[in-house]
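In case you want the letters, here they are:
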Amino acid sequence: MSALDTATVLVVEDNAQVRRLLSAVLRAIGVKKVATASNGAEAIRILRTYGQLEAEGDPGARIDAVISDWVMHPGDGVALLRWIRRHRESPNRFVPFLMLSAYVEPDRVRLARDLGASAFIAKPFTADTVARYLSTALSDARRFVEIGEYFGPDRRKHRADMSEDERRDQDRTDREKGVRFFVPPQLHEGRVGSQEGVDAHRLMTIQKVIEQRAETFLDWTKETLARIEQELDSAARRKASDRRVPFNRINLIAHELRGQGTTFGYPLISTVAKAMFESTVHNFDRSDDTIAAIRAQASALHRILEEDLKGDGGETGHALLDAIGLRRADVHRTPAAASETPTG
């Protein structure tokens, strides 16, 4: 039996559209039950409730894995992961935890790993990527390790994942280093299933789920563009020194947008939204020229929607990128393995 077939997975994501998509994809690949939360604080309440029911003898009240976005409020993915792994009230410190984020800088991936994440999945993601990493996490038979501030899956089999202290300490015994090992309860109880690939039928089902939701994504993108233009108008009415708030809002909106386009078959949307995000990420240049550049990016997004430019958009897509100073090589294609980073 696949590890997916008996699992209950908690999806934590503040964007309702992504939350619904992930839930639908998980059900399509055979996950038994999906619970959802819109932020870390809500997720903690759900985990506590499930933990209490399990303690009272309800065998079906158990969260087998958590898939969580990074940026949420109240309670982001990092706070949730830290609570699960370290807090004395956590009902299961060993639960597999997959961090999901469009922020893929090495420091962020390292932080998730050092807090005990089982995997880091970059947005925009593919449904197959989520299925593969979830299946791997659910079938993971590694011990957990506690050493210093780290508590999580034993990652030392991957030398590249070792810290400098861990590399220097290789000649010392585990006892000398203060290492403590734990066998996760799912191993004790025989709840680790086999790791199997997602079969062709399920992959077709996943693709249909995504296609069915693409129209909803496009409607959401139109609404999102309207919000961006409202913030641009607000910024244009202010002095450059007073534009921080609308620029920050545009940055957050673009961050959400860049993490979804490729998933629904519109990598040009992710590419242009990424450029918009980068135009506002440090908020140093709030000049009229920057506003003009963002308006040009918004116009390109309108064109993508109007002409339904999927994939790289062909010659029309290339011309759009040229017009806003982006290269064809910048197009966010289906995420590559390099951006789907396992942490264990």
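Look up a bit, the structure's there.
To keep things clear, this report deals only with the structure shown in the data block. (Residues numbered from 1 in each chain as written. Predicted model: local features only at pLDDT ≥ 70, side-chain atom pairs only at ≥ 80, totals over all residues. Heavy atoms only, no water.)

### Observations concerning the packing of aromatic side chains
Thought 1: Tallied over the entire structure, the rule returns 10 aromatic pairs.
Thought 2: Look at Phe-217 and Tyr-266: their rings are 6.3 Å apart centre to centre, the planes differ by 35 degrees, and that puts the pair in the tilted class. Highlighted residues: Phe-217 in helix α9 (residues 200–236) and Tyr-266 in the loop between α10 (244–258) and α11 (267–280), separated in sequence by 49 residues.
Thought 3: For Tyr-266, a relative accessible area of 3% translates into the label buried.
Thought 4: Seen from the ring of Phe-151, Arg-93 lies directly overhead, with NZ or CZ sitting 3.9 Å from the centre.
Thought 5: A cation sits over an aromatic face here: Arg-143 above Phe-181, 3.8 Å from the ring centre. (Phe/Tyr/Trp six-rings, centres within 6.5 Å; stacked < 30°, edge-to-face > 60°. Helix = DSSP H or I, 4+ residues; strand = E, 2+ residues; numbered from the N terminus. Buried < 20%, exposed > 50% of the residue type's maximum accessible area, 1.4 Å probe, protein only. Lys NZ or Arg CZ within 6 Å of the ring centre and 35° of its normal.)

### Regarding unusual backbone geometry
Thought 1: With an omega of -5 degrees, the peptide bond between His-73 and Pro-74 qualifies as cis.
Thought 2: When you line up the elements, Pro-74 lands in the loop between β3 (65–69) and α3 (77–86).
Thought 3: The backbone of Asp-308 sits at a positive phi, close to 50 degrees, despite the residue not being glycine.
Thought 4: Turning to its location among the elements, Asp-308 is positioned in the loop between α12 (288–306) and α13 (314–323).

### Observations concerning the pairing of strand β2 (residues 33–37)
Thought 1: By the bridge criterion, five bridges tie strand β1 (residues 8–12) to β2 in an arrangement that is parallel. When the bridges of β2 are listed, Val-11 appears paired with Thr-36.
Thought 2: In this fold, β1 hands off to helix α1 (residues 16–28), which returns the chain to β2; that crossover is right-handed. (Pairing = 2+ DSSP bridges. Right-handed = clockwise from strand over helix to strand, strands pointing away.)

### Comments concerning the nonpolar core
Thought 1: Residues Val-9, Leu-26 and Leu-134 are the most contacted members of the largest nonpolar core, which totals 67 residues.
Thought 2: Tallying contributions element by element places α9 first for this core, with 11 residues.
Thought 3: Ignoring anything within four residues of it in the chain, the contact list for Leu-26 reads Val-9, Val-11, Val-31, Val-34, Ile-67, Val-130 and Leu-134.
Thought 4: Within the second largest apolar cluster, 27 residues are counted, among which are Ala-37, Leu-80, Ala-112 and Leu-115. (Core = buried A, V, L, I, M, F, W, Y, C linked by side-chain atoms within 4.5 Å. Contact = heavy atoms within 4.5 Å.)

### Some words on the pattern of salt bridges
Thought 1: Going through the model one piece at a time under the given rule, you end up with 18 salt bridges.
Thought 2: In this structure, Asp-114 and Arg-113 form a salt bridge, with 2.9 Å as the shortest nitrogen-oxygen distance.
Thought 3: Exposure remark for Arg-113: the relative accessible area of 11% places this residue in the buried category.
Thought 4: Two residues, Glu-307 and Arg-303, come together in a salt bridge whose shortest N-O distance is 2.3 Å.
Thought 5: Since its relative accessible area comes to 34%, Arg-303 is described here as partly exposed. (Salt bridge = Lys/Arg side-chain N within 4 Å of Asp/Glu carboxyl O.)

### Here we look at the sheet that holds strand β7 (residues 150–153)
Thought 1: Strand order in this open sheet of three strands is β7-β6-β8, and the pairing throughout is antiparallel. In this open sheet, the two strands that pair with only one neighbour each are β7 and β8 (180–182). Taken pair by pair, the neighbouring strands of this sheet meet at an average axis angle of 20 degrees, ignoring direction.
Thought 2: Sheet topology note: the strand β6 (residues 144–147)/β7 ladder contains four bridges and is antiparallel. Looking at the pairing, Val-145 lines up with Gly-152 of β7.
Thought 3: Across the face of the sheet, α3 comes into contact with β6 and β7 while running at roughly 90 degrees to β7. (Axes fitted to C-alpha atoms, helices over the stretch in contact; angles between N-to-C directions.)

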